[in-house]
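So you can see what is in the structure, the chains are spelled out below.
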Amino acid sequence: MPASDAAEPLPRHFAVVPAAGTGARLGAGRPKQYLGLGGATILERTVAALLGCDWIERVIVVVSPDDTVAATLPGLASPRVAVEPVGGATRRASVLGGLVALQARHGATDDDWAWVHAAARPGVERASLEALRDALAGERVGALLALPVADTVKRATAGRAGATVERDALWAAQTPQVFPVGVLRHALERHNAVTDEASAIAAAGRAPRLVPGTRRDFKVTTMDDLTAMRVSLGTDAAGADGPPWRVGQGWDVHALVPGRPLVIGGVVVPRHSGLH
């Protein structure tokens, strides 16, 4: 067969999970990606959701250079997972480091797809990931999960509600956000002041496709979010990192001995004997 007639290889799919953040807003004393969630860490649950997609060839977990935790997690021991200590101070820096590692050490090309998924979004559902994959058919720019804004949005002026923002065209971005490796790397290299990958692509003059996600794919930012995620995923609402909330009944028995006051609940009860 002449070389010109050979079919071009289909782009492969790689996931990049930026996990170098400190989780300062959560106030848990350690990075939020390592907090407990149903017998595993948030990071392990997030990676497991991606590993459940057989079309994703490899998951690159980007951690800070001084991270000593990720390499010890059982959920990251899969041969399809690689922990890369190339994270930076921002999401942009971590994703860019992950893309560089993806091409330098894991064989990705400019035309392969990079699925960037936040480490603190373990609730993403399989159906959403499949819908995102299907949206990439014939797509040249890329796509991301997002939710139409349902609440009334106000523009604040000096701490007071000002004008109401028209919400018909507003969407709240989620992850994964999927773009060709080369396109995304180039956009991130050129644009510094971005908060997610889609904003870098937009700054480069391209408009990625919006794919409706679900409310379960929210980001764990506060302790309330962590509790909500535990409930959403059906795990222990307290988990390994919270107080052991339980409701029940109990009883206790003590012998009565002479020569001691009888004190119950801090109240002295007149009696000739007290609790041993």
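None of these values were measured; they are calculated from a predicted model.

## Points about the packing of aromatic side chains
At step 1: The tally for this structure, following the rule as stated, stands at one aromatic pair.
At step 2: An angle of 50° between the planes, with centres 6.1 Å apart, marks the rings of Trp55 and Trp115 as tilted. Placement of the pair is Trp55 in the loop between helix 1 (42-51) and strand 2 (56-62) and Trp115 in strand 4 (residues 113-116), with a sequence separation of 60 residues.
At step 3: The cationic tip of Arg133 hangs over the ring face of Trp55; the distance from NZ or CZ to the ring centre is 4.3 Å.

## Notes on the layout of surface pockets
At step 1: Taken as a whole, the largest pocket holds about 660 Å³ of empty space.
At step 2: Lining of the largest pocket is provided by 28 residues; of these, Gly21, Arg25, Lys32, Arg91 and Lys219 occupy positions nearest its centre.
At step 3: Going through the elements one at a time, helix 2 (91-105) and strand 8 (171-180) are the ones with two or more residues in the lining of the largest pocket.
At step 4: The calculated volume of the second largest pocket comes to roughly 500 Å³.
At step 5: In terms of lining, the second largest pocket is formed by 17 residues, of which the most central are Leu10, Pro11, Asp111, Trp113 and Arg140.

## What about the pairing of strand 2?
At step 1: Burial within strand 2 is extensive, with five of its seven residues counted as buried.
At step 2: Pairing geometry for strand 1 (residues 13-18) and strand 2, over six bridges, is parallel. Bridge pairing in strand 2 links Val17 to Val61.
At step 3: Sheet topology note: the strand 2/strand 3 (residues 81-84) ladder contains four bridges and is parallel. The residue of strand 3 that forms the bridge with Ile60 is Ala82.

## Remarks on the confidence of the model for the protein chain
At step 1: With 93% of its residues at a pLDDT of at least 70, the protein chain reaches an overall mean of 92.
At step 2: Confidence drops under a pLDDT of 50 for residues 237-242, and excluding neighbours within four residues, the segment shows 14 contacts in the predicted structure.

## Section: unusual backbone geometry
At step 1: The residue after Thr175, namely Pro176, is reached through a cis peptide bond having omega 10°.
At step 2: The backbone phi angle of Ala158 is positive, close to 55°, even though this residue is not glycine.
At step 3: If you trace the backbone, Ala158 turns up in the loop between strand 6 (153-157) and strand 7 (160-165).

## What about the packing of helix 2 against helix 4 (residues 181-190)?
At step 1: One way to put it is that helix 2 packs onto helix 4 with a least axis distance of 10 Å and a crossing angle of 140°. Put simply, helix 2 runs oblique to helix 4. Of the two possible hands of crossing, helix 2 and helix 4 adopt the one that is left-handed. Of helix 4, the residues touching helix 2 (which contributes Arg92, Val95, Leu96, Leu99, Val100, Leu102 and Gln103) are Val181, Leu184, Arg185, Leu188 and Glu189.

The rules we used
Residues numbered from 1 in each chain as written. Predicted model: local features only at pLDDT ≥ 70, side-chain atom pairs only at ≥ 80, totals over all residues. Heavy atoms only, no water. Phe/Tyr/Trp six-rings, centres within 6.5 Å; stacked < 30°, edge-to-face > 60°. Helix = DSSP H or I, 4+ residues; strand = E, 2+ residues; numbered from the N terminus. Lys NZ or Arg CZ within 6 Å of the ring centre and 35° of its normal. 1 Å grid on protein atoms, 1.4 Å probe; cavity = no way out; pocket = protein on both sides within 12 Å on 5 of 7 lines; lining within 4 Å. Points joined across faces, edges and corners; volume = space filled by probe spheres on them. Buried < 20%, exposed > 50% of the residue type's maximum accessible area, 1.4 Å probe, protein only. Pairing = 2+ DSSP bridges. pLDDT = per-residue confidence, 0-100. Contact = heavy atoms within 4.5 Å. Axes fitted to C-alpha atoms, helices over the stretch in contact; angles between N-to-C directions. Parallel < 35°, antiparallel > 145°, perpendicular 65-115°, else oblique. Left-handed = near helix turned anticlockwise from the far one by under 90°.

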